[in-house]
Structures are given as C-alpha cells and as structure tokens.
Amino acid sequence: MAKSKLETGSVLDGFTIGNLIHRGGMASLWEVTKEGDPTSYLMKIPVLQEGEDPAAIVSFEMEQMIMPRLKGPHVPRHIANGDFAVQPYIVMERLAGETLLPQIDNVPMPAEKVAAIGAGICDAVEALHRQGVIHLDIKPSNIMFRPTGETVLIDYGLAHARDLPDLMQEEFRVPYGTAPYMAPEQVMGVRSDPRSDIFAIGCLMYFFATGV
C-alpha cells in the first residue's frame, strides 16, 4: 500500500498536483489538472500511516466503489480512482463555494430559509435513494450548492449501497456517523434503512431553526 507524500507540481496518473486545499485527519484534498483539459478537479487522498484507524481505509474503499455509480446534479461528478496497490485516490468534480458548515454561525435562521435549505437537501437525498444509496452522514459539512441552485451531497465514505457489499458492516461492529444527526437504528448498527437519512435531515432542520 502506497504511503508516498504528494507535493505541488508532481504528476500522478496524468494528473498534475496543484495546491493543497484541505488536510484532515482521514484525507487530504488537492487541486489537480489533467493534460489537455483546462478543468480544475479535486483529488481526495486518504491518510495512510502506521497505526491509522482501519475503518478510515475501508471507508475510502467504499467511497471509491460508490462514487462512480452516482449520477445527476446532486452528487459530485466522478472522474477517476487510484489503485490501493500504487496510490489510492478519488478525482472528482470541484464544486465552487463552501459547504453549509459556516451557516451554523447564523442559527437560529428564519423559517423561510430553513424551509428552503431543507427542501434542497430532501431533493438531493431522494435522488440518492433512487440510486440505491443511503448517505448515513448528512451534516452541514457534507452539503454544498451548485451555482444553479441544486444541493449537492459530498463524502460517501460511510454510505451504504444496495447493490454493493457493505464493507463497513462486514468489517466493523460499531456504529459510524456523526452523533448529533444519527438515527437510533444507526446507533444500533443498522446501516440499510433509508429513513436514517430522513432522521438526520430532521435533526439538521431543528438545529437551524432553534440553534439547539
């Protein structure tokens, strides 16, 4: 398994690495371009270190399997995957703007704004469920918006896909998610109920409406 460190200017599978956009505990995000293509993409690379939580690796494997199957305006367009035997990565569409996370500084919000945000998230979740995928980590930092107005759900590392093996369920017997938004069945380890996403939307809307 690769553990190489990328740096600006290096080339990986034809993608030229640009600026580091974000470095988190489980993955880093890089701006990348491909020769002959003027589009700027986003490359997600997992953190691979000795003693790393194995769930983070399995989560990334799940995301690599799920993202190529997703279509439509409510998901980032998938471009390419990198092999774990060489260097694992996911290249995807780079969305402009911020996530919904900064909006938590503005709670409680007016009812009209909460309703508009909630309707957009519901449209995105419905589109995802129609493709047989449950997100299981609906939260402000995983929600973005296109300039045309559509809500986009990002980060599919905890997602469950109806037609794929659920590696997170098979490998681990503890619940994964973000505690304030987790449905009771998700806390109990059930990952196959679409209503878990609906519960998370309800928690999010309550928080935006009340500040609690």
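Look a little higher up for the structure.
Right, let's walk through the structure included here. Since this is a predicted model, take the numbers as computed values, not measurements.

**Some remarks on the overall build of the protein**
Next, step 1: Looking only at helices and strands, the protein has five helices and 10 strands in total.
Next, step 2: Based on the C-alpha atoms only, the size of the protein along its principal axes is roughly 50 × 40 × 30 Å.
Next, step 3: Per-residue burial over the protein gives 46% buried out of 212 residues.
Next, step 4: The contacts of the protein with a sequence gap of at least 6 include a subset with a gap of at least 24, amounting to 57%.
Next, step 5: For the protein, the computed accessible surface area is about 10800 Å², with 56% contributed by carbon and sulfur atoms.
Next, step 6: Here the protein carries 17 positive and 27 negative side-chain charges, and the mean point of each set is 2 Å from the other.

**Quick look at unusual backbone geometry**
Trans is the common state for peptide bonds, and a negative phi is the common state for residues other than glycine.
Next, step 1: With an omega of -5 degrees, the peptide bond running from Val 107 to Pro 108 counts as cis.
Next, step 2: Positive phi outside glycine occurs at Asp 13, with the angle close to 50 degrees.
Next, step 3: Relative to the assigned elements, Asp 13 resides in the loop between strand E1 (11-12) and strand E2 (15-23).
Next, step 4: Overall, Asp 13 belongs to the partly exposed group, its relative accessible area being 48%.
Next, step 5: You will see that Leu 136, though not glycine, has its phi angle at about 70 degrees, which is positive.
Next, step 6: Residue position: Leu 136 is located in the loop between strand E7 (133-134) and strand E8 (143-145).
Next, step 7: The class of Leu 136 is buried, set by a relative accessible area of 3%.

**Regarding the side chain of Asp 193**
Next, step 1: Examined against the element boundaries, Asp 193 turns out to sit in the loop between helix H4 (184-187) and helix H5 (195-210).
Next, step 2: Of the polar contacts made by the side chain of Asp 193, one reaches the side chain of Arg 195; its length is 2.9 Å.
Next, step 3: Those residues in contact with Asp 193 that sit more than four places away from it in its chain are Ile 134 and Glu 185.

**Details of the pattern of salt bridges**
Next, step 1: A full pass over the atoms with the stated rule returns 10 salt bridges.
Next, step 2: For Glu 126, the salt bridge identified is with Arg 130, shortest N-O distance 3.1 Å. On the criterion of helical spacing, the pair formed by Glu 126 and Arg 130 is a turn pair, its members being four residues apart in helix H2 (residues 111-130).
Next, step 3: Exposure remark for Glu 126: the relative accessible area of 40% places this residue in the partly exposed category.
Next, step 4: Arg 162 serves as the salt-bridge partner of Asp 163, at 3.7 Å between the closest nitrogen and oxygen.
Next, step 5: Among the charged side chains, a salt-bridge network with shared partners connects Lys 44, Glu 63 and Asp 155.

**Observations concerning the layout of surface pockets**
Next, step 1: Roughly 1000 Å³ of internal volume is contained in the largest pocket.
Next, step 2: As for the largest pocket, its lining consists of 39 residues, and the residues nearest its centre are Leu 29, Lys 44, Asn 142, Ile 154 and Asp 155.
Next, step 3: Among the elements of the structure, E2, strand E3 (27-34), strand E4 (37-46), helix H1 (54-66) and strand E6 (89-93) are those that each provide at least two residues to the lining of the largest pocket.
Next, step 4: If one sorts the elements of the lining of the largest pocket by residue count, H1 sits on top with five residues.
Next, step 5: Broken down by class, the residue content of the lining of the largest pocket amounts to 19 nonpolar, 11 polar and nine charged.

**What about empty space enclosed by the protein?**
Next, step 1: One pass over the structure, following the stated rule, counts one cavity of 30 Å³ or more.
Next, step 2: Of the pockets and cavities examined, the largest cavity occupies roughly 50 Å³.
Next, step 3: Contributing to the lining of the largest cavity are Leu 136, Asp 137, Ile 138, Thr 178, Tyr 181, Met 182, Gln 186, Ser 196, Asp 197 and Ala 200.
Next, step 4: Sorting elements by how many residues they give to the lining of the largest cavity places H5 first, with three residues.
Next, step 5: For the lining of the largest cavity, the residue count by class is five nonpolar, three polar and two charged.

What counts and how
Once a new chain begins, its residue numbering starts again from 1 and follows that chain's sequence as written. A pLDDT threshold of at least 70 governs which residues receive local features in this predicted model, and a stricter bar of 80 or more applies before side-chain atom pairs are shown or counted, although totals over entire chains, interfaces and linings include all residues. Just so you know, side-chain values use all the structure's heavy atoms and leave hydrogens and water out. Here a helix means four or more residues in a row that DSSP labels H or I, a strand means two or more in a row labelled E, and each is numbered from the N terminus. A 1.4 Å probe rolled over the protein chains alone gives each residue an accessible area, and that area as a share of the maximum for its type sets the label: buried under 20%, exposed over 50%, partly exposed in between. The contact rule is simple, with two residues in contact once any of their heavy atoms fall within 4.5 Å. The method behind every accessible area is Shrake-Rupley, applied with a 1.4 Å probe, and residues are considered shielded solely by the protein chains displayed. Only four residue types enter the tally: Lys and Arg on the positive side, Asp and Glu on the negative side; His and the chain ends are excluded. A charged residue contributes its charge at one atom only: NZ of Lys, CZ of Arg, CG of Asp or CD of Glu. The definition of a polar contact used here is a pair of N or O atoms within 3.5 Å, where within protein one atom must be able to donate a hydrogen and the other to accept one, and adjacent residues in sequence count solely through side-chain atom pairs. Salt bridge, as used here, is a side-chain nitrogen of Lys or Arg placed within 4 Å of a carboxyl oxygen of Asp or Glu. Within this scheme a cavity is a closed region of a 1 Å grid, computed over the protein atoms alone, that accommodates a 1.4 Å probe without allowing it to escape, whereas a pocket is open but has protein on both sides within 12 Å along at least five of seven lines; lining residues each have an atom within 4 Å of a point. Grid points are joined across faces, edges and corners, and a volume is the space filled by probe spheres set on the points. Each residue receives one of three labels: charged for Asp, Glu, Lys and Arg, nonpolar for Ala, Val, Leu, Ile, Met, Phe, Trp, Tyr, Cys and Pro, and polar for the others, Gly being one of them.

Scope: geometric values only; no functional claims are made or implied.
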